[in-house]
Amino acid sequence: KATTQFKQLKRFVSIRNDFVLKNDGDRIILYPLDFIEAKFFILSPLQGFALSTLDGKRKFPEIDAEFRSLFPDAEASLANILAGVDDMVRENPTQSGIGRDGVLEQSDQPIQFSYCYDPRDFIVSVDKYNQIMQGVQTRMRLNSPICIMAFFTRRCQTNCIYCYAQRKRTPEMT
């Protein structure tokens, strides 16, 4: 369904401004800018590279042709890769609804305020990526935080999987 949409409409495509694409060491992550829920998606190297090519300034057929010239033997087309990421995001929106409409923005006109990523920043070693993804502790531990919250208390309100905080009882601050 989404694949046909890309090919028939021949529109300008970008990542929605309420999402950030980031190289986190040797893996690519995509996360919504949501202050209520810290959520992230780990993408394959090919998915991350594919998303990084969407600058909102070029129509999809032009990006697709460039992608096919770079990856002539890719197992999936650019449209299928992007549709897979978009579907994954739509199936897992944040509590405040970010992602309900997917990660991709499309328009008949160039998308004026789209963020342009440098695809070279999203080239990662497949071997290192696989090594990170095999480790139980390394799979979900990020190299840097995606959100920082400041609470003026010693009581942690959350139990985030990526948090480094030591959980010990101390007297409350006054």
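Quick note: structure is the one above.
Residues numbered from 1 in each chain as written. Predicted model: local features only at pLDDT ≥ 70, side-chain atom pairs only at ≥ 80, totals over all residues. Heavy atoms only, no water.

K.L.:
Where do I start with the nonpolar core in this structure?
P.N.:
Judged by nonpolar contacts, the single largest core of 35 residues is most densely connected at Leu21, Leu30, Leu43, Leu51, Leu82 and Val103. Secondary-structure elements contributing two or more residues to this core are β1 (12–15), β2 (19–23), β3 (28–32), β4 (41–43), α2 (45–52), α3 (60–70) and α4 (78–91). It is α4 that provides the largest number of residues to this core, a total of 6 residues. Apart from the residues within four sequence positions on either side, valine 103 is in contact with Ser14, Ile15, Arg16, Phe19, Leu30, Val85, Asp86 and Val89. (Core = buried A, V, L, I, M, F, W, Y, C linked by side-chain atoms within 4.5 Å. Buried < 20%, exposed > 50% of the residue type's maximum accessible area, 1.4 Å probe, protein only. Helix = DSSP H or I, 4+ residues; strand = E, 2+ residues; numbered from the N terminus. Contact = heavy atoms within 4.5 Å.)

K.L.:
Looking at this structure, how should I read the sheet that holds β4?
P.N.:
Strands belonging to one sheet form pairs held by backbone hydrogen bonds; the direction of such a pair is parallel or antiparallel. Spatial strand order, β2-β3-β4: 3 strands in an open sheet with antiparallel pairing. Strands with a single pairing partner mark the edges of an open sheet, and in this sheet they are β2 and β4. Across the sheet, the mean angle separating the axes of adjacent strands is 25° when strand polarity is ignored. Taken together, the 3 bridges between β3 and β4 define a ladder with antiparallel strand orientation. When the bridges of β4 are listed, isoleucine 29 appears paired with isoleucine 42. (Pairing = 2+ DSSP bridges. Axes fitted to C-alpha atoms, helices over the stretch in contact; angles between N-to-C directions.)

K.L.:
Where do I start with the pattern of salt bridges in this structure?
P.N.:
Opposite charge on two side chains permits pairing when their charged atoms draw close. A complete count under the given rule lists 8 salt bridges for this structure. Between arginine 11 and aspartate 108 there is a salt bridge whose closest N-O contact spans 3.1 Å. In this pair, arginine 11 is assigned in the loop between α1 (2–9) and β1 and aspartate 108 in the loop between β6 (104–107) and α5 (126–134), connecting sequence segments 97 residues apart. We note a salt bridge from arginine 90 to aspartate 86, for which the minimum N-O separation is 2.9 Å. Here arginine 90 pairs with aspartate 86, and both are found in helix α4, just 4 residues apart, close to one helical turn. (Salt bridge = Lys/Arg side-chain N within 4 Å of Asp/Glu carboxyl O.)

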